[in-house]
Each structure stands twice: as structure tokens, then as C-alpha cells.
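Structural overview
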Amino acid sequence: MLEDLVQRFVRDELMPLETGVLERDAKGQGGYITPGEKARLDTVSKDMGLWALDAPEDVGGMGLPHVALVGVNIAMGSTVAKYNLPPDSPNLKMLAGYCDERQRAEYLVPHIEQGTLSAIGISEPGAGADPSGMSTKAVLKGDKWIINGRKIWITSAKEADFTILLARTDPEAKGSSGMSCFLVDRDAPGFNVVKQVPMLGGEYTYEIALEDCEVEDWKLLGSEGDGFAPMQLRLGTRRMQMAAWCIGAAERALSIMTEHAPQRVTFGQPLSSRQAVQWWVADAKMKIHAARLMAYDCAWKLDEGRDVRSEISMIKVYCSEMAQEVIDNAMQCLGGMGVTKEMPLHILAGRVRNMRIYDGPSEVHRMVIARNSMDVPRR
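First things first, this report covers the structure right here in the doc. From a predicted model like this one, the values you see are computed outputs, not experimental measurements. Along each chain, the written sequence defines residue order, and numbers are assigned to residues from 1. Per-residue local features are limited, in this predicted model, to residues with pLDDT of at least 70; the limit for side-chain atom pairs, both in listing and counting, is 80 or more; totals at the level of whole chains, interfaces and linings are taken over all residues. To obtain the side-chain values, all non-hydrogen atoms of the structure were used and water was disregarded.

Observations concerning the environment of Lys-285
Going along the chain from the N terminus, every DSSP run of H or I of four or more residues is numbered as a helix, and every run of E of two or more is numbered as a strand. Within the fold, Lys-285 resides in helix 8 (residues 275–303). Relative accessible area serves as the criterion here: at 54%, Lys-285 is assigned to the exposed category. Any residue under 20% of the maximum accessible area for its type is buried, any over 50% is exposed, and the rest in between are partly exposed; the area is computed with a 1.4 Å probe on protein chains only.

Re the packing of aromatic side chains
To pair, rings of Phe, Tyr and Trp, with the six-membered ring standing in for Trp, must have centres within 6.5 Å; the planes then decide the type, stacked if under 30 degrees apart, edge-to-face if over 60, and tilted in the middle. By the definition in use, this model includes five aromatic pairs. Taken together through their ring pairs, the aromatic side chains of Tyr-107, Phe-162 and Trp-218 make up a single cluster. In our convention, an over-ring charge means Lys NZ or Arg CZ found within 6 Å of a ring centre and within 35 degrees of that ring's normal. Positioned above the aromatic ring of Trp-51, the side-chain terminus of Lys-46 is 4.5 Å from the ring centre. Note that Arg-102 overlies the ring of Trp-218, its terminal NZ or CZ placed 3.9 Å from the centroid.

Here we look at the pairing of strand 1 (residues 118–121)
Alternating residues of strand 1 divide into Ser-118 and Ile-120 and Ala-119 and Gly-121, and every residue in both groups is buried. Only when DSSP finds a minimum of two bridges between them are two strands counted as paired. Pairing geometry for strand 1 and strand 4 (residues 162–168), over four bridges, is parallel. Bridging from a neighbouring strand, Gly-121 pairs with Leu-165 of strand 4.

Comments concerning unusual backbone geometry
Here Pro-86 and Pro-87 are connected by a cis peptide whose omega angle stands at -15 degrees. Relative to the helices and strands, Pro-87 is located in the loop between helix 4 (66–76) and helix 5 (89–98). Not every positive phi belongs to a glycine, and Asp-212 is a case in point at roughly 50 degrees. Here Asp-212 is to be found in strand 7 (residues 204–216). Within the chain, Phe-267 stands out as a residue other than glycine whose phi angle is a positive 50 degrees. Among the secondary structure elements, Phe-267 is positioned in the loop between strand 9 (265–266) and strand 10 (269–270).

Some thoughts on helix 8
Here the expected span of a helix is defined as 1.5 Å times the quantity of residues minus one. Over its 29 residues, helix 8 runs 42 Å from end to end, which matches the ideal 42 Å to within 8%, given 1.5 Å per residue. Buried residues belonging to helix 8 abut helix 4, helix 7 (228–260) and helix 9 (309–333). At the exit of helix 8 stands Gly-305, carrying a positive phi of roughly 85 degrees. Pairs of residues are marked as contacts when any of their non-hydrogen atoms sit within 4.5 Å.

Remarks on the pattern of salt bridges
Whenever a carboxyl oxygen of Asp or Glu lies within 4 Å of a side-chain nitrogen of Lys or Arg, that contact is scored as a salt bridge. For the structure on display, the rule yields 23 salt bridges. Taking the shortest distance from any N to any O, the salt bridge between Asp-359 and Arg-234 comes out at 3.1 Å. Here Asp-359 is found in the loop between helix 10 (345–355) and helix 11 (362–371), whereas its partner Arg-234 is found in helix 7, with 125 residues between them in sequence. Across the pair, Arg-234 and Asp-359 agree in class, each one buried. Put simply, Asp-297 and Lys-301 hold a salt bridge, and the shortest N to O gap is 3.2 Å. Residue Asp-297 and its partner Lys-301 are located together in helix 8, separated by four residues, close to a single helical turn.

Topic: the environment of Trp-145
Mapping Trp-145 onto the fold places it in strand 3 (residues 144–154). Distance from Trp-145 to Leu-183, taken between C-alpha atoms, is 11 Å for residues 38 residues apart in sequence. The contact partners of Trp-145, leaving out residues within four places of it in the chain, are Ala-138, Val-139, Leu-140, Thr-169, Phe-182, Cys-213, Glu-214, Val-215, Glu-216, Asp-217, Leu-220 and Glu-224.

Points about the nonpolar core
If you look at the biggest cluster of nonpolar residues, it comprises 65 residues, and the most contacted ones within it are Phe-9, Met-76, Tyr-83, Ile-327 and Leu-345. Of all elements in the fold, only helix 1 (2–14), helix 2 (18–26), helix 3 (35–47), helix 4, helix 7, helix 8, helix 9 and helix 10 reach the threshold of two or more residues within this core. At 13 residues, helix 7 tops the list of elements feeding residues into this core. The residues contacting Ile-327, other than those within four sequence positions of it, are Ala-249, Ala-253, Leu-345, Leu-348, Ala-349 and Val-352. Joining through side-chain atoms within 4.5 Å is the link that ties buried Ala, Val, Leu, Ile, Met, Phe, Trp, Tyr and Cys residues into a set, and such a set is a nonpolar core. Counting residues in each nonpolar core, the second largest holds 23 residues, with Val-59, Leu-92, Ile-112 and Met-134 among its members.

Focus on the packing of helix 8 against helix 9
One can describe the packing of helix 8 onto helix 9 by two numbers: an axis separation of 10 Å at closest approach and a directional angle of 155 degrees. Taken together, helix 8 and helix 9 sit at an angle that is classed as roughly antiparallel. Remark: the crossing between helix 8 and helix 9 carries left-handed chirality. Contacts from Val-277, Trp-280, Ala-284, Lys-287, Ile-288, Ala-290, Ala-291, Met-294, Ala-295, Asp-297, Cys-298 and Lys-301 of helix 8 reach helix 9 at Glu-311, Ile-312, Met-314, Ile-315, Tyr-318, Cys-319, Met-322, Glu-325, Val-326, Asn-329, Gln-332 and Cys-333. For the contact of helix 8 with helix 9, the residue count by class is 17 nonpolar, two polar and five charged. Note on definitions: angles span 0 to 180 degrees between N-to-C directions of axes, and those axes are lines fitted to C-alpha atoms, for helices only across the stretch in contact. Here the word oblique covers every angle except those under 35 degrees (roughly parallel), over 145 (roughly antiparallel) and from 65 to 115 (roughly perpendicular). For a crossing to be left-handed, the near helix must be turned anticlockwise from the far one by less than a right angle; the clockwise case is right-handed. Polar here means any residue other than Ala, Val, Leu, Ile, Met, Phe, Trp, Tyr, Cys and Pro, which are nonpolar, and Asp, Glu, Lys and Arg, which are charged; Gly is therefore polar.

Examining the side chain of His-365
Residue position: His-365 is located in helix 11. In this structure His-365 comes out as buried when scored by relative accessible area, which is 2%. The contacts of His-365, once residues within four sequence positions are left out, are Arg-239, Ser-313, Lys-316, Val-317, Asp-359 and Gly-360.

Points about the environment of Arg-24
On the secondary structure map, Arg-24 appears in helix 2. As a C-alpha pair, Arg-24 and Gly-202 span 178 residues in sequence and 8.9 Å in three-dimensional space. Not counting the four nearest positions on each side in its chain, Arg-24 is found in contact with Gln-29, Gly-30, Tyr-32, Ile-33, Thr-34 and Glu-37. At 3.4 Å, the side chain of Arg-24 forms a polar contact with the side chain of Glu-37. Polar contact is the term for a pair of N or O atoms within 3.5 Å; when the atoms are in protein, one must be able to donate a hydrogen and the other to accept it, and sequence-neighboring residues count only if both atoms are side-chain atoms.

Examining the side chain of Gln-241
Tracing the backbone shows Gln-241 in helix 7. Each residue touching Gln-241, except ones within four places of it in the same chain, is listed here: Asn-73, Asp-88, Ser-89 and Pro-90.

What follows is the structure in C-alpha cells.
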């Protein structure tokens, strides 16, 4: 029932917005819905009962498990009219898992009830998938933390009401230890958005500069020096979400290809009669089916409380690379039209390509899978 409801929301509310998204992207304005469209979607999705699906019940959410969100995110990933059902699950999980009572009232409850927007600040110009290179530092002075450093590749940093930011609080610690999480408001002194970075898929990320940024001590999220724990909780949720989005994108590309191939005639025969096209379709069907089963299996195990570090990495790699292949074949099938900005395929391709980097590149996830499967020498 939930999947049917979300699919109706995508079909009736998001798909009609795609033309505007494609037009804005073609003009270099970014492939996004407008603020007015977002405000209307917020109202509609709330009226349909699609807010706070996986938020805790004691703060007004439905408390749905991870497995329930797989189908939701597959549907949401099928359109280029990008919209996140409030509140965005990964940051919600961090807040729900680590907020104290004051933070709960100031951040978690408004995040759920009002749909306040949050961003995440992990990567730096010199540190991405390897956290040991992180140089942003936070020093406690009196009742405030003073943060200095740079963060980059932050989605929604300019619009977000607050950013959950990772910084070193113990400069002597090695690797991912000695880091802490902070809730940094958009108007915090010393929090500066310095650059908008255009990305593939009509997306933008941002670079921020933290220049003696002042954060009250009660806005430390979780324990001092253990900030990587809440971040890992967030990353696992986001990677599952990305895997589902990729499945949705691949399904959309496949539907475009199977609709086009029987109609397009070349050399006296429809494309659907060509073995190459038939194999593209057959391979896509098989791989999408496998990806869907992998995603549900991982979500079920996570809901059971199992260790799913390998499975999370598996679905992040497999689903993103599978979707890239299916979308590329669909573009090839459509020929010249497939690589125009009049079709949604180029945005789907760009966003999936980004997701092979976001939240850990495929190569790092392969390292994780290998290390969890056998003894691997560590330097």
C-alpha cells in the first residue's frame, strides 16, 4: 500500500514537473524543482501521509523499518524532478540516535514536524573517503566550540537550516578517532558558504569556510571524540537510499528503452528485433531484479540488527554500476535523442555517476568487502 501511494505521488505530482526541470537544466540553472514547487509538494506529501515515514513514533513519525523504505526510494529515484520526502532519512537517523533532550527539542522535533532542512559536512578539499586526512579542528573555549577549516561537496549547504559537521577535537588522535559532530546553524558566526560547485546531473554542491566559527557547547552531537559513530549511522542509511534511487533510475531508463525500441525502425526493421537491443533489455531486467533483491535483503538484515557493513557496500557498488550501464544502453538505443537535454536520461546518468563517488567511491567499498571477506594486509 505504501509503495502504491508513493508511486502515485511520483506519477501525479513529480513527473509533471520534469519538463520544467529539464528546461532549467538546459539553461544552466540546475536540474531542480522551484521553491514554489517544493512548497506545494511539502503540503501534498504531508496531506498524503508521506512525512516522517521512518521517524520515531514518539516524535510524530511512523517508525517504519528500513525494508519499508526500499520501495519508497526506488519510486522516488525514477524521476528527475528530485524531491526528498521530509525529513531526509540519513540525517534524521543521526539526530534520532544521538540527540540529547535539548537537541531533540531544538533540532529533531522541528526536523520532523516542520521539515527543517539539514546538510552534512564531512569531506574537505584534502580529505574525502579517507578521514585520516581531515584537518578541520574544533577547540572548546569557555562554553563555545571554535571551529576552523574547510568543507566541500556539501549538498544544500546554502539552503539548509543547519549542517551536521565533523571536526577534529583531539589533534593527537589517529585515523577516524578524535573527531566530534556538531550542529552548526546557518547563521552561526564564522560559517561561510564560499563557493557553489556545479556537478553532473544538474546538481550543485557547496564549499564552506569555517573561520572561528562559534558553536555553543550543547550543540555537540553525541560524545566528544566519537563523532564517527553517528556519521557511520548516517552513511549506512544514505548508501541504502542511494542504492534504491539507482534501481529506480535504471527502471526508468529501461521503460524508456522498451517503449522506444519497437517504434524506431532502421534498415526496415524495428530496433526491438536487433539482438543487441534485446540483450540490453534482458540484461537490464536481470540486473535490476538482482539489485532489488539485494537491497531488500540488506534492509531486512539491518532491521534485524545484524552487521551489514559488507552488504551496504555491496549494494552501493552494484546498484550504482548497474544503473550506469542500463542508462547508458538506453541512451545508445535512442541514438541522437538519447544524448539530448530534452530527455531525462542525461540527468539520470549524471546523478548515478555522482553516486558512484558520493558517500564512498566504489573502490573503497570494494576494499571494505574484501577486508570483511579475508585477511588483507594493512599499511
